[in-house]
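Architecture and fold: a report
Chain residues, written in single-letter form:
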Amino acid sequence: CRASGDGKSEKFQPPPKPVIIDKQKQRAERRFLSPEFIPPRGRTDPLKYYMERKDMIQRRKVFNIPEFYVGHVLAVTTADPYANNKSNRFVGICIQRGGKGLGATFVLRNVIEDQGVEICYELYSPRIQAIEVLKLEKRLDDNLMYLRDALPEYSTFDVNMKPVSRLDHEEVPVNELQVRMKPKPWSKRWERPKYNIKGIKFELPESKMKEAQKWSQPWLEFDMLREYDTSKIEEKIWKEVNEGLKK
Amino acid sequence: LSTTGACRAIQKLTRVRVVDNSALGNTPYHRPPKCIHVYNKTGVGKVGDKILLAIKGEKKKALIVGHKMPGPTMTPRFDSNNVVLIEDNGNPVGTRIKTPIPYILRQREGEFSKVLAIARNFV
């Protein structure tokens, strides 16, 4: 009951109506088609890829494979007959996504007790019980294999990390981290233009960087035979996958 | 002139890293421990194979617990070739293994039960 104040002029203010974010609409605006759906360039019968896609859609209906890019920190639980509780949880940063169709794989890397461990998981394997995205962030490159030659602090992730909550359903943040490397020799010569890496802070002398540019092949981007335009194929597959998932 | 590519699994003359807390494995020596024989039909050692190591001028058997070569999918690949020192009867020399060990070794629980008992982390 109100002791002071005007009871009549102050009308009852209803609470603000909840804003319903239509997630389906938002997701449709921000189309993400997993890269393993896009068939590689070649002369194989498209029927093979169609059948694989049907199986992939079937699997996705039963088990949710979240959207993730290279650079995300994931936690994967797999069924393991030799582990306690029959299941095995591994947390790591995704350094590479490879393979097409049902054989699509992704490699997770983590440093546990000063020992770097990498595990290559198959996305559509029935052994996988859960995939959680712990941290969403894209990196400057598609392939983070150079983390093997980087200082171990860049690959260490806490095993009991809590999932970082995502506010924006629109964009995936890009982390422009420049990684510092261990002294040379590295497993690959990452300074060479063939790898086109933007995420390393090269502390090499200018002469070495110039020498690495000798191996650049600037004609490659204009080579017409290497062009593979996937926009139309992606449109078709996008429709197909969406219809399949809705049923 | 043809050269073979890097093997990356463990064979003769590979330098390995001893992972348990035994005295032999952890005291510094001017030469790294090297593999001199692999107890396998092929000379290539994978996880779970026994090898002969030359450490500090002595011969010692060891068990491979992880290598740099990528194996079957869903199995871990380590950044260094890890090895646990072992006696002839299979008893481990050290008392604790800090580095992570793959779960696949549990398949051969009979031979490696004592090694698995001293392991702390599994991957």
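For the structure itself, look to the data block above.
Presented here is a report on the structure given in the accompanying data block. (Residues numbered from 1 in each chain as written. Chains lettered and ligands numbered in written order. Predicted model: local features only at pLDDT ≥ 70, side-chain atom pairs only at ≥ 80, totals over all residues. Heavy atoms only, no water.)

**Remarks on the packing of aromatic side chains**
All names here are of chain A. What counts, and what does not: What counts as a ring pair is set by centres within 6.5 Å for rings of Phe, Tyr and Trp (its six-membered ring), and what kind of pair is set by the plane angle: stacked under 30 degrees, edge-to-face over 60, tilted for all other angles. Helix numbers and strand numbers start at the N terminus; a helix is a DSSP run of H or I with at least 4 residues, a strand a run of E with at least 2. Throughout this description, buried means an accessible area under 20% of the type-specific maximum (1.4 Å probe, protein chains only), exposed means over 50%, and partly exposed covers the range between. Only lysine NZ and arginine CZ atoms are considered, and such an atom sits over a ring when it is within 6 Å of the ring centre and within 35 degrees of the ring normal.
Under the definition given, this model contains seven aromatic pairs over all chains. Plain terms: the ring middles of F68 and F106 are 5.1 Å apart, the flat faces sit at 65° to each other, and that makes the pair edge-to-face. Here the residue F68 occupies a position in the loop between α2 (46–62) and β1 (73–79), and F106 occupies one in strand β3 (residues 105–112), the gap between them amounting to 38 residues. The pair formed by F68 and F106 is uniform in burial state, with each residue classed as buried. Centre to centre, the rings of W186 and F202 are 6.4 Å apart; their planes meet at 40°, and the pair counts as tilted. Of the two residues, W186 sits in the loop between β5 (128–135) and α3 (206–212) while F202 sits in the loop between β5 and α3, which places them 16 residues apart along the sequence. What makes W186 buried here is its relative accessible area of 14%. A network of ring pairs unites the aromatic residues F68, F106 and Y121 as a single cluster. One Lys or Arg, R192, reaches over the ring of W215 and ends 3.5 Å from the middle of that ring.

**Brief notes about the sheet that holds strand β2 (residues 34–38) of chain B**
Residue and element names in this part refer to chain B. Under the convention used in this document: Two strands form a pair only when DSSP identifies at least two bridges running between them.
Taking strand neighbours across the sheet as the criterion, the five strands line up as β1-β6-β4-β3-β2 in an open arrangement whose pairing is mixed. Here the strands that pair on one side only, and so sit at the sheet edges, are β1 (17–18) and β2. Note: β2 against strand β3 (residues 50–55), four bridges, orientation antiparallel. Bridging across to β3, C35 finds its partner in L53.

**Some details on the environment of Y103(B)**
What counts, and what does not: By the convention used here, residues are in contact when the closest approach between their heavy atoms is within 4.5 Å.
With respect to the helices and strands, Y103(B) occurs in the loop between β6 (82–86) and α2 (109–118). The exposure class assigned to Y103(B) is buried, which follows from its relative accessible area of 10%. Taking the C-alpha atoms as reference points, Y103(B) and L116(B), separated by 13 residues in sequence, lie 9.5 Å from one another. For Y103(B), the residues in contact, after removing those within four places along its chain, are D80(A), Y82(A), A83(A), N84(A), N88(A), F122(B) and V123(B).

**Examining the sheet that holds β5(A)**
Strand pairing in a sheet relies on backbone hydrogen bonds, with the paired strands running either antiparallel or parallel. Operational definition: Structural elements are reduced to axes, namely lines fitted to C-alpha atoms, with helices fitted over the stretch in contact, and the angle between N-to-C directions of any two is expressed from 0 to 180 degrees.
The strand order β5(A)-β1(A)-β2(A)-β3(A)-β4(A)-β5(B) describes an open sheet built from six strands, whose pairing is antiparallel. In this open sheet, the two edge strands, each paired with only one partner strand, are β5 of chain A together with β5 (76–78) of chain B. Pairs of neighbouring strands in the sheet enclose a mean axial angle of 35°, with direction left out of account. Relative to β3(A), strand β2 (residues 87–98) of chain A runs antiparallel, the two sharing five bridges. Residue C94(A) lies in a different strand from β3(A), and its bridge partner there is L108(A).

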